[in-house]
Amino acid sequence: MSTRIRTSAYTALTVAALTAGTVLTAPAAGAAPQAAAPKFLSASQMPPHPTSSWTAGPVTEGFPEELGLCVSTEGVPSYDYRHREFRTDLDTSAVQLTVVTGTAAQAKALAKHYDDLIRTCADRIEESSPDVEAEGRDYGKLPVEEGARVRGLHTETSWGASDIALLSVGRDGRTVTVVKWGQMGDFGNAPVAAFKKTTSTAVEKLY
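As a starting point, this report considers the structure included with it. (Residues numbered from 1 in each chain as written. Predicted model: local features only at pLDDT ≥ 70, side-chain atom pairs only at ≥ 80, totals over all residues. Heavy atoms only, no water.)

**Concerning helix 2 (residues 104-119)**
Here helix 2 spans 22 Å end to end across 16 residues, near enough to the 22 Å set by a 1.5 Å rise per residue. Listed as buried for helix 2 are Gln-106, Ala-107, Leu-110, Ala-111, His-113, Tyr-114, Asp-115, Asp-116, Leu-117 and Ile-118. Tucked into the core, helix 2 has its buried residues touching strand 3 (80-87), strand 4 (92-100), helix 3 (121-128), strand 6 (148-157), strand 7 (162-172) and strand 8 (175-184). (Helix = DSSP H or I, 4+ residues; strand = E, 2+ residues; numbered from the N terminus. Expected span 1.5 Å × (residues − 1). Buried < 20%, exposed > 50% of the residue type's maximum accessible area, 1.4 Å probe, protein only. Contact = heavy atoms within 4.5 Å.)

Here's what the structure looks like:
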């Protein structure tokens, strides 16, 4: 669902950004020492686009709106959120989020929470938007650091907007990263193998 979803489709679907009401334990004040900030993907590490190069925006504090369709901060403590957006000259975009928690246990719980939200996203979209058909797919786990998982989401509206997104959640120690790639199209347009490579790079590059 995360895609460079056309504005009309994205606006219609944003109401589907409901979260499973999981509340994660907040980190104890002063429990974790300040560590180096996690590193982000570069434009060249995005899945190659057949006709356009990628450009990367600056690393920005806060939670990206681009993930709000499936993933949000609702029910999650105020962790250290940072993100970076990526663009092509055409209708393809991506975003990477990093979240630094207080402990490895909190990061493990947060990674599961985010993956659960992505896994159930298609059902929540259809429940909240009767004019949208959504389908999710599980592309499996990746053996990188503490693990990562890749999923896909296709949405199609009653007025013909069709969007495909790939989303992944990975973890290294007490840091979680979420990567989203998206454009107009369907599962046949999804560069799954290349996105898995991007996800592995994202997790390995954190520290």
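**Here's the deal with the pattern of salt bridges**
The full count for this structure, using the stated rule, is 9 salt bridges. Measuring nitrogen to oxygen at the nearest pair gives 2.8 Å for the salt bridge that ties Arg-151 to Asp-115. With Arg-151 in strand 6 and Asp-115 in helix 2, this residue pair connects regions lying 36 residues apart in the sequence. With a relative accessible area of 8%, Arg-151 lands in the buried category. You can call Asp-115 buried: its relative accessible area is 12%. The salt bridge partner of Arg-151 is Asp-138, with a shortest N-O separation of 3.7 Å. Placement of Arg-151 in strand 6 and of Asp-138 in strand 5 (residues 132-142) is noted, with a sequence separation of 13 residues between them. (Salt bridge = Lys/Arg side-chain N within 4 Å of Asp/Glu carboxyl O.)

Geometric values such as these leave the question of function open.
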